[in-house]
Amino acid sequence: MSADLDPGVDPYAGIATLGAAPLWRYLGGLFRSEPKSRAVAALWRYDELRPYLLHFAETLSIADAERRVLMLVNPGLADPPATVNTLYAGVQIILPGETAQAHRHTSNAFRFVIEGDGAYTTVNGERVHMRPGDLLLTPGWHWHDHYHEGDGPMMWLDGLDFPLVNALEAGFFELYGDRSQKPSVPDDISARQFTHGRLNPAWDMERGVNSPVGNYPWTETERAFDAVADAAEGSAIDGILFEYTNPWTGGPVMPTVSCRIQRLRPGFSGAAHRHTASTILHVVRGEGTTIVDGQRLQWRDNDVFAVPGWATYQHINGSASRDAVLFAYTDKPAIAALGMYREELMERQD
Ligand code: 1HN
């Protein structure tokens with residue numbers, strides 16, 4: 001065997017010029033014993049963001065911004081920006097009379113309403129009205145534009161899976177011909193046709209991969225919590241935990257994202273666990289602490305926080321008298337579909 005290389009040339013430099021690299025120098029980094037997210041545990045305080053949202057609402061026209069949104073950027077995922085590895089969160093503000101132009105993208109999206117009343121999103125020709133605590137879906141490739149016909153500013157949390165879609169290089173985006181869509185079906189019809197999988201339409205209806213429900217209104221979520229009250233044990237990790245479901249399947253609302261809502265009773269102190277799914281949480285109400293890999297994130301009403309994949313975490317309701325309610329979304333459906341979902345209980349960190 002004779003290599004016949006020029007003895008004056010470093011073989012490592014030589015293979016680099018050929019677009020080749022020595023696996024033995026990369027193996028440890030490429031194949032870890034377990035995942036280590038580039039994302040870090042992070043918290044965004046709504047009280048601190050809100051004045052800036054109002055500032056930009058006053059000084060930046062919606063025509064210039066197109067979507068007036070503050071992205072919640074994880075310090076470990078600055079460029080391209082993301083909130084956790086696969087998912088994004090932002091807070092959007094729209095003022096009375098404003099229209100956010102119609103477009104569509106392959107990313108799955110949803111809104112969770114924080115403040116205000118009187119706005120609606122038109123999704124593929126259906127006007128879907130929003131109230132605080134409502135979850136509105138805008139699944140991938142659905143046209144959507146927003147309009148605010150009420151009084152006062154309206155703020156909501158936007159959730160999207162575009163970090164995942166862009167990693168898969170499957171992102172498409174298109175503007176609609178007009179600034180907004182004309183309604184083509186009765187307002188809020190999709191939510192009115194379903195009662196959360198209990199009574200589903202039995203006439204012929206197209207069944208796609210997404211939940212057909214445009215809005216999961218807070219009034220129904222609250223009714224679900226009230227119906228259970230303290231009669232159910234709930235989860236030792238998450239308290240009384242509901243998943244918003246696709247009524248056709250009983251599964252998650254969209255193929256890449258699971259949306260959940262959980263009530264931590266006064267004084268609740270949850271068990272610790274970790275899983276390969278990444279999670280973003282929004283505090284619907286209450287105050288408490290989530291310990292993430294030993295770091296205490298102290299949250300209160302309307303804050304948003306990020307739990308990276310495979311981080312150990314546990315939730316604590318800091319109040320002995322008040323419920324805490326958390327809205328959470330994760331990429332679990334995507335990871336599970338690929339056979340890579342793992343979860344384990346951990347020692348408590350407090
Ligand atoms: C988007 O389409 C909206 O429709 C909000 O309101 C935030 C962030 C990134 C990409 C698309 C919206 C977005 C977005």
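Residues numbered from 1 in each chain as written. Predicted model: local features only at pLDDT ≥ 70, side-chain atom pairs only at ≥ 80, totals over all residues. Heavy atoms only, no water.

Caption draft 1: Expanded view of the nonpolar core. Counting residues in hydrophobic clusters, the biggest one holds 40 residues, and the most contacted among them are Phe110, Leu135, Tyr244, Cys259, Ile261, Phe327 and Tyr329. The element contributing the most residues to this core is helix α3 (residues 46–59), with four residues. Ignoring sequence-local partners within four residues, the contact set of Phe110 consists of Leu135, Leu136, Leu137, Thr138, Leu157, Asp158, Gly159, Met254, Val257, Cys259, Phe327 and Tyr329. Grouped together as the second largest cluster of nonpolar side chains are 15 residues, Val292, Phe305, Val307 and Leu326 included. (Core = buried A, V, L, I, M, F, W, Y, C linked by side-chain atoms within 4.5 Å. Buried < 20%, exposed > 50% of the residue type's maximum accessible area, 1.4 Å probe, protein only. Helix = DSSP H or I, 4+ residues; strand = E, 2+ residues; numbered from the N terminus. Contact = heavy atoms within 4.5 Å.)

Caption draft 2: Representation of the sheet that holds strand β9 (residues 144–148) in the model. Strand order in the open sheet formed by five strands is β7-β6-β9-β4-β11, with antiparallel pairing between adjacent strands. In the strand order of this sheet, the two ends are held by β7 (126–129) and β11 (173–175), each with one partner. On average, each strand axis in the sheet is tilted by 25° relative to the strand beside it, whichever way the strands run. As paired elements, strand β4 (residues 99–105) and β9 share three bridges and run antiparallel to each other. Pairing of His103 across the sheet is with His144, part of β9. (Pairing = 2+ DSSP bridges. Axes fitted to C-alpha atoms, helices over the stretch in contact; angles between N-to-C directions.)

Caption draft 3: How the structure looks around the pairing of strand β20 (residues 313–317). Within β20, five of the five residues are buried, which leaves the element mostly enclosed by the surrounding structure. Where strand β17 (residues 288–292) and β20 come together, five bridges link them in antiparallel fashion. When the sheet's bridge partners are listed, Thr290 is paired in β20 with His315.

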